[in-house]
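As a plain string of letters, each chain reads:
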Number of protein chains: 2
Amino acid sequence: MSHQEALTKYLAAFITGLVQAGIKDVVISPGSRSTPLALMFSEHRDIKVYMNVDERSAAFFALGLAKASGNPVGLLCTSGTAAANYYPAVVEASLSGVPLIVMTADRPHELRDIGAPQAIDQLHLYGRHVKWFAEMALPEAGVEQLRYVKTTAIRAVKEAIGRDKGPVHLNFPFREPLLPILDPYPFHEEEKSINIEGGIHFLPYDKLKKIADQWQGIERGLIICGLIEEPDFTEAVTTLAKKLGYPILADPLSQLRSTSISETTVVDSYDAILKGKNVVNLLNPEIIIRFGGAPVSKSLSIYMKNLNDIEHIVVDSGSKWRDPNYVGTTMVQCNETVFCNDLATLIQEQKSSKWLSKWLELDEIAKKTIANHLQIIDELEEGKVVYELANLLPVDSTIFVGNSMPIRDVDTFFHKNNKNITVMANRGANGIDGVVSTALGAAVYKRPLFLVIGDLSFFHDLNGLLMAKLHKLNITIILLNNDGGGIFSYLPQYSEPKHFEVLFGTPTGLNYEHAVQMYHGQYTKIFDWESLKMAILDSVSYEGLNVIEIPTDRERNLFSHREMWEKVSQEINLFLQDAEK
Amino acid sequence: MSHQEALTKYLAAFITGLVQAGIKDVVISPGSRSTPLALMFSEHRDIKVYMNVDERSAAFFALGLAKASGNPVGLLCTSGTAAANYYPAVVEASLSGVPLIVMTADRPHELRDIGAPQAIDQLHLYGRHVKWFAEMALPEAGVEQLRYVKTTAIRAVKEAIGRDKGPVHLNFPFREPLLPILDPYPFHEEEKSINIEGGIHFLPYDKLKKIADQWQGIERGLIICGLIEEPDFTEAVTTLAKKLGYPILADPLSQLRSTSISETTVVDSYDAILKGKNVVNLLNPEIIIRFGGAPVSKSLSIYMKNLNDIEHIVVDSGSKWRDPNYVGTTMVQCNETVFCNDLATLIQEQKSSKWLSKWLELDEIAKKTIANHLQIIDELEEGKVVYELANLLPVDSTIFVGNSMPIRDVDTFFHKNNKNITVMANRGANGIDGVVSTALGAAVYKRPLFLVIGDLSFFHDLNGLLMAKLHKLNITIILLNNDGGGIFSYLPQYSEPKHFEVLFGTPTGLNYEHAVQMYHGQYTKIFDWESLKMAILDSVSYEGLNVIEIPTDRERNLFSHREMWEKVSQEINLFLQDAEK
């Protein structure tokens with residue numbers, strides 16, 4: 001058997017394994033050493049290939065595809081620094097639990113560490129940031145080798161989609177010639193497969209009963225939900241909350257804010273409510289039950305930290321320890337949906353809960369104060385943009401939110417509704433990098449998709465826009481341009497005027513209209529609220545890349561936010577003091 | 001002592017150590033956790049800070065600063081994926097031996113691996129791609145802690161600039177508050193330091209004498225020089241070559257092509273010469289002596305591989321094993337300049353060498369054939385652009401060369417001259433990433449600087465251009481735009497028309513004039529040879545970013561190169577066959 005025949009059979013077995021295990025999308029960056037896999041993926045009828053020149057953007061694009069589709073996604077690049085460009089997205093995928101199959105082509109063993117070109121040490125290139133690494137064997141086509149390579153493909157997917165989803169890394173040494181044989185069609189559809197059947201963690205009845213008995217009598221409880229992607233969790237937690245009579249403090253990424261199911265239990269203005277000074281004394285729960293990732297809200301985090309002598313339960317299906325405030329008293333290792341459903345059957349429904357009513361009233365007061373504050377604002381301001389956007393977004397749309405200020409503004413200004421809007425963000429490491437590409441990857445599966453992003457984050461991944469042009473993707477980007485790093489104005493270094501603007505403000509002074517033109521997108525600059533409204537409404541019918549730029553002012557944003565929080569705190573304190581009397 | 005006082009003293013000691021050890025430039029990306037170091041670096045009177053929003057570009061910019069200045073350079077970013085963006089440049093620095101002090105701010109131990117935001121595992125983040133890693137202690141200001149932190153700073157520089165130069169990584173956990181005290185000025189200039197005195201490897205006299213005796217009688221020898229950055233090496237190797245009567249096959253990065261010293265020994269058209277079929281039989285050396293990195297030329301590499309039964313000496317001051325063809329017979333671990341100088345004193349000068357004359361004649365024939373081939377070309381073509389550029393470049397200028405096709409064209413078309421032109425490139429891992437930023441970093445110290453780059457590589461690091469705008473750097477970019485990956489047309493996959501253009505051609509269809517406008521640069525599009533000449537001549541007087549775009553055609557480039565090599569081979573074979581008779 002020739003080298004090329006063996007190469008072809010080996011890779012056909014590998015790719016067949018990937019496809020059988022659920023891989024549909026593969027993002028490829030151009031290169032020479034990766035030629036065998038690139039050609040074979042392109043040839044496969046059930047694989048959709050996305051070419052992306054910049055490997056950093058490519059990896060984030062794959063991340064977006066995987067997040068939005070719920071399927072593991074393949075990534076392929078050539079040897080050398082190309083593979084190192086994947087690192088930021090690999091780290092994000094690892095921390096946010098997104099299944100990626102990262103495939104790097106490599107020089108064969110005899111061309112490593114010997115001064116040969118394009119050869120870097122790719123073994124364990126991503127260190128502890130992948131769930132699994134395998135150095136693949138050189139292509140051979142014996143029966144056992146084919147069984148090995150196909151099984152390894154399926155196993156790689158199992159590792160990626162198992163408990164604590166995440167990226168895996170396979171490194172492929174290839175010798176020349178690098179051309180597989182594509183005629184006849186190298187894949188066989190009838191081949192048998194290995195099925196992956198994932199188990200689910202659940203608590204045995206006696207442990208659950210003990211918990212139910214314990215919680216049944218506790219009046220003042222809080223359920224806190226961060227980013228979570230368990231199927232049917234929304235219904236399950238809502239049912240449990242209603243039975244217990246506890247409010248759910250729902251982070252925007254919990255997906256609990258935009259569904260009618262949870263409307264009567266969800267509190268979403270807690271970030272503003274909890275900024276008040278005395279609140280922790282006046283709003284003192286006996287128990288906190290937490291699901292999902294760390295919420296965006298800093299005031300909620302500080303509130304929890306101060307409540308360090310109450311019952312604090314962390315329910316987590318993953319294997320990590322999610323308690324950054326060191327206040328947990330019980331760590332429940334269990335599937336969140338199963339936990340809520342099973343527990344709800346053991347809890348007797350509370351007839352009425354003053355505690356829940358109090359929180360819902362506070363939520364109303366905060367929202368009314370926020371609305372009043374925004375109503376009189378004429379100038380373009382980031383918080384109000386997000387507030388207006390939430391009103392204007394169509395039913396069933398997706399909003400992808402940039403890190404730093406946008407996600408905080410969404411936390412503050414995206415309130416309960418029943419439009420079934422999905423909120424997405426990169427909250428593994430909260431980087432401002434790769435956001436454009438992740439959103440574009442998500443836009444393949446979610447439509448319409450709106451990306452809300454600051455100018456520094458937009459700049460960081462400007463290259464990502466190429467995918468919108470090349471693959472005719474539909475996206476509306478709401479670019480909040482305050483010419484620099486807006487979030488730093490909220491931090492203590494703002495008081496260091498000597499170096500502040502250079503080190504933290506970092507204005508770039510770029511006119512992004514040029515970039516949008518280069519990528520053949522539609523560009524609209526907004527100067528008042530009416531034109532923003534029109535632009536958002538128009539965007540739904542627009543195909544392709546659509547960028548709506550909103551110039552804002554960092555100082556104005558800062559002072560307006562502070563003024564608003566101050567007003568909310570006053571109203572909240574008045575209400576709480578009245579309630580105490 | 002307050003937390004802030006201790007923080008200030010600790011970092012003052014650290015930065016004082018860095019400055020005493022030779023750090024002058026620090027490239028910083030904005031972030032919160034890195035605030036203490038960012039403010040302290042900005043405050044130091046002898047540190048020049050370069051702000052760069054995109055950490056990937058920032059790291060390559062630092063690489064360029066270090067390459068061009070010859071000094072180690074600092075890099076600072078915040079915690080999270082920011083640090084992962086440094087990876088491509090760290091790998092390149094590691095393989096090309098460039099000293100970088102990579103400083104990453106981190107969350108303190110209690111906020112790691114616990115679900116806290118912006119926290120990733122940064123320990124050994126760059127794996128084996130840094131020379132040294134240290135997890136720094138939390139800031140304290142006791143006498144011993146200050147001695148520790150200052151010594152660690154100096155030691156980090158020692159590791160970076162020692163044998164096998166390269167990057168080191170220091171990870172700094174910081175607790176809030178993150179503000180150091182800048183008033184009064186926190187640094188003291190009179191502090192004592194630890195000096196770093198680096199030794200040099202040399203061969204003892206008896207070993208050297210043995211080598212001299214052995215080589216003295218060998219007529220047919222070749223000296224091959226790749227990328228090398230030893231001071232005074234050019235003179236030393238030239239003297240040795242003249243004494244031995246051996247030609248020097250000089251890679252463009254050896255810096256031997258652009259100096260009058262070596263004019264009579266250097267052969268630079270070997271890539272074209274050695275492409276002929278019978279050449280290896282007709283041009284058979286008895287000994288090869290190699291210095292520096294692997295030369296760019298593939299035909300030279302194949303030629304050396306085929307000469308596997310002759311003496312093949314690799315002289316290398318580093319600790320690596322530089323012999324990708326597995327033909328070495330002696331590995332000399334010794335400073336290259338010292339080796340050449342010492343050996344030259346033991347060798348008696350050859351009166352005349354037919355062997356050298358033959359090579360120089362071949363070189364003349366090849367160059368004449370190349371010149372004749374180019375003369376009749378009317379259409380814009382990449383090889384001819386480089387050829388013309390070499391003629392037009394001013395004395396003492398620097399040409400930074402992109403990877404993939406540009407470096408190969410420079411190898412073929414940049415011929416001997418005495419204009420003292422420095423040729424730079426990223427030849428550690430030969431990536432197309434980060435080239436714009438590296439060139440801009442180099443442009444701080446080298447002027448005038450011309451970057452010759454293909455469109456995919458230009459696109460990959462488009463963000464790098466921001467530094468030209470923000471820091472008013474002077475650079476002329478010769479953008480060879482064949483709309484895609486030109487090099488792949490030279491590879492076997494070109495015969496796979498079904499997938500070729502999608503996977504390898506990868507046209508982007510971008511009009512880069514928009515990008516240049518966004519960065520406030522001057523843009524000129526070239527349509528004929530006369531306007532190219534004018535644009536290059538004009539560029540010398542232009543301040544700032546200057547992009548000269550030359551649209552070329554991948555097919556035409558390919559066929560013209562092939563035709564030229566065919567012509568050269570014919571002429572070379574004719575001459576060699578005549579010489580045999």
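It should be emphasised that the depicted structure is a prediction, and the values quoted were computed from it without experimental measurement.

**Some thoughts on the overall build of chain A**
A tally of helices and strands in chain A yields 22 helices and 18 strands. Since a compact globule built from 581 residues should have a radius of gyration of about 25 Å, the 26 Å found for chain A is in line with a globular shape. For chain A, the C-alpha atoms occupy an extent of roughly 90 × 60 × 45 Å along the three principal directions. By the burial criterion, 63% of the 581 residues in chain A qualify as buried. At a minimum sequence separation of 6, the contacts of chain A that also span at least 24 residues come to 79%. As displayed, chain A offers around 21,300 Å² of accessible surface, 50% of which is attributable to carbon and sulfur atoms. Looking at chain A, you have 55 positive and 71 negative side-chain charges, and the mean spots of the two groups are 3 Å apart.

**Regarding the domain arrangement of chain A**
All names here are of chain A. For chain A, the assigned domains read domain 1 (3-173), domain 2 (205-365) and domain 3 (380-552). One C-alpha centre belongs to domain 1, the other to domain 2; they are set 39 Å apart. With 4 residues of domain 1 in contact, the opposing surface of domain 2 contributes 5 residues. Summed over both partners, the interface of domain 1 with domain 2 buries about 440 Å², with 26% contributed by carbon and sulfur atoms. For the interface between domain 1 and domain 2, the tally reads 0 salt bridges. Among the residues making up the side of domain 1 that touches domain 2, the classes are represented as 1 nonpolar, 1 polar and 2 charged.

**Considerations on the interface of chain A and chain B**
Tallying the contact residues gives 85 residues for chain A and 85 residues for chain B. Between chain A and chain B lies a buried interface of about 7,000 Å² when both sides are counted; carbon and sulfur atoms form 62% of it. Its largest share of buried area at the contact with chain B, chain A owes to I114(A), L503(A) and M518(A), together 9% of the area lost on that side. On inspection of chain A and its partner chain B, the count reaches 6 salt bridges. The partner of D121(A) in a salt bridge is R128(B), and the shortest N-O contact between them spans 3.1 Å. By residue class, the composition of the side of chain A that touches chain B is 44 nonpolar, 23 polar and 18 charged.

**Quick word on the environment of Q350(A)**
Residue and element names in this part refer to chain A. Within the element layout of this structure, Q350 appears in the loop between helix 12 (336-346) and helix 13 (354-375). When its relative accessible area of 24% is taken as the criterion, Q350 is described as partly exposed. For the pair Q350 and V386, spaced 36 residues apart in sequence, the C-alpha to C-alpha distance is 36 Å. The contact partners of Q350, leaving out residues within four places of it in the chain, are Q216, K243, L244 and G245.

**Focus: the relation of the copies chain A and chain B**
Once chain A is rotated about the relating axis by 180° and shifted along it by 0.0 Å, it coincides with chain B to within an RMSD of 0.0 Å. Such values leave the two copies arranged in the relation of a two-fold axis. Distance from the rotation axis, computed per C-alpha, reaches its smallest value in chain A at H514(A): 2.5 Å.

**Some thoughts on the side chain of D106(B)**
Residue and element names in this part refer to chain B. Within the secondary structure layout, D106 lies in strand 4 (residues 100-106). In terms of polar contacts, D106 uses its side chain to reach the side chain of N171, at 2.8 Å. Residues contacting D106, with those up to four places away along its chain left out, are R33, S79, R112, I120, Q122, L123, N171, F172, P173 and F174.

**Some thoughts on the UniProt feature "domain: Thiamine pyrophosphate enzyme N-terminal TPP-binding" (unreviewed entry) in chain A**
Within the UniProt annotation, "domain: Thiamine pyrophosphate enzyme N-terminal TPP-binding" (unreviewed entry) is assigned to residues 12-124 of chain A. Secondary structure across residues 12-124 of chain A comprises 42% helix and 18% strand; the distance between its end C-alpha atoms is 25 Å.

**Thoughts on the sheet that holds strand 9 (residues 266-267) of chain B**
Residue and element names in this part refer to chain B. Pairing within the open sheet is parallel, and its 6 strands lie in the order 9-8-7-10-11-12. Every other strand in the sheet has two partners, leaving strand 9 and strand 12 (330-333) as the edge strands with one partner each. In this structure, strand 8 (residues 248-250) lies alongside strand 9, joined through 2 bridges in parallel fashion. In the sheet register, I248 faces strand 9, and the bridge partner there is V266. Against the sheet, helix 8 (residues 233-244) contacts strand 7 (221-225), strand 8 and strand 10 (287-291), and its axis sits at roughly 170° relative to strand 7.

**A few points about unusual backbone geometry**
Residues and elements named next belong to chain A. The omega angle of the peptide bond from R447 to P448 is 0°, so this bond is cis rather than trans. Its place among the elements puts P448 in the loop between helix 16 (435-443) and strand 15 (449-454). Located in the positive-phi region is D396, a residue other than glycine, with phi close to 65°. For D396, the location among the structural elements is in the loop between helix 14 (382-392) and strand 13 (398-401).

**Quick look at the pairing of strand 18 (residues 545-551) of chain B**
Residue and element names in this part refer to chain B. Where burial is concerned, most of strand 18 is hidden: 6 out of the 7 residues are buried. Across 7 bridges, the pairing between strand 16 (residues 475-481) and strand 18 is parallel. Counted as the bridge partner of L479 is E549 from strand 18. Taken together, the 4 bridges between strand 17 (residues 522-525) and strand 18 define a ladder with parallel strand orientation. Paired with T524 across the two strands is I548, which belongs to strand 18. Regarding topology, helix 21 (residues 529-539) serves as the crossover connection from strand 17 to the parallel strand 18, and that connection is right-handed.

**Remarks on the sheet that holds strand 17 of chain B**
Residues and elements named next belong to chain B. Read across the sheet, 6 strands follow the order 14-13-15-16-18-17 without closing on themselves; strand pairing throughout is parallel. A strand with exactly one partner marks an edge of an open sheet, and here the two such strands are strand 14 (422-425) and strand 17. The average angle at which neighbouring strand axes cross in this sheet is 20°, direction not considered. With 5 bridges joining them, strand 15 (residues 449-454) and strand 16 adopt parallel strand pairing. Along strand 16, the bridge assignment pairs V452 with I478.

Parameters at a glance
Per chain, residue numbering runs from 1 following the sequence as it is written. To read the labels, note that chains go from A and ligands from 1, taken in the order they are written. Owing to the predicted nature of the model, reporting of local features is limited to residues with pLDDT of at least 70; listing and counting of side-chain atom pairs is limited to 80 or more, with chain, interface and lining totals taken over all residues. Calculation of side-chain values draws on the structure's entire complement of heavy atoms; hydrogens and water are dropped beforehand. Helix and strand definitions here come from DSSP, where helices need a minimum of 4 consecutive H or I residues and strands a minimum of 2 consecutive E residues; each element is numbered from the N-terminal end. Radius of gyration: over C-alpha atoms. The globule rule applied is 2.2 Å multiplied by the number of residues raised to the 0.38 power. We call a residue buried when its accessible area falls under 20% of the maximum for its residue type, exposed when it is over 50%, and partly exposed in between, using a 1.4 Å probe and counting protein chains only. Throughout, a contact is declared for two residues whenever any of their heavy atoms are within 4.5 Å. A 1.4 Å probe and the Shrake-Rupley method give the accessible areas. Residues count as covered only by the protein chains that appear here. We treat Lys and Arg as the positive residues and Asp and Glu as the negative residues; His and chain ends play no part in the count. Here the site of a charge means NZ on Lys, CZ on Arg, CG on Asp, or CD on Glu. Domain limits in this description derive from either an automatic procedure or a database domain assignment. Defined in terms of a 1.4 Å probe, buried area is the accessible area two parts forfeit on being brought together, summed over both. For this document, the term salt bridge refers to a Lys or Arg side-chain nitrogen within 4 Å of an Asp or Glu carboxyl oxygen. All amino acids are sorted into three groups, where Ala, Val, Leu, Ile, Met, Phe, Trp, Tyr, Cys and Pro are nonpolar, Asp, Glu, Lys and Arg are charged, and the leftover types, Gly among them, are polar. For this overlay, a least-squares fit was computed on C-alpha atoms, restricted to residues scoring pLDDT of at least 70 in both copies. Each polar contact in these results corresponds to two N or O atoms within 3.5 Å; when the atoms are within protein, one needs to be able to donate a hydrogen and the other to accept it, and residues that are neighboring in sequence are counted only if both atoms are side-chain atoms. UniProt positions are given in the numbering used here, feature names are shortened, and annotations may be inferred rather than shown by experiment. Note on pairing: two strands pair once DSSP finds at least 2 bridges between them. Whenever a helix is involved, its axis is fitted only over the stretch in contact; in every case the axis is a line through C-alpha atoms, and angles between N-to-C directions fall within 0 to 180 degrees. Classification remark: right-handed applies to a crossover when, strands pointing away from the viewer, the course from the first strand over the helix to the second runs clockwise.

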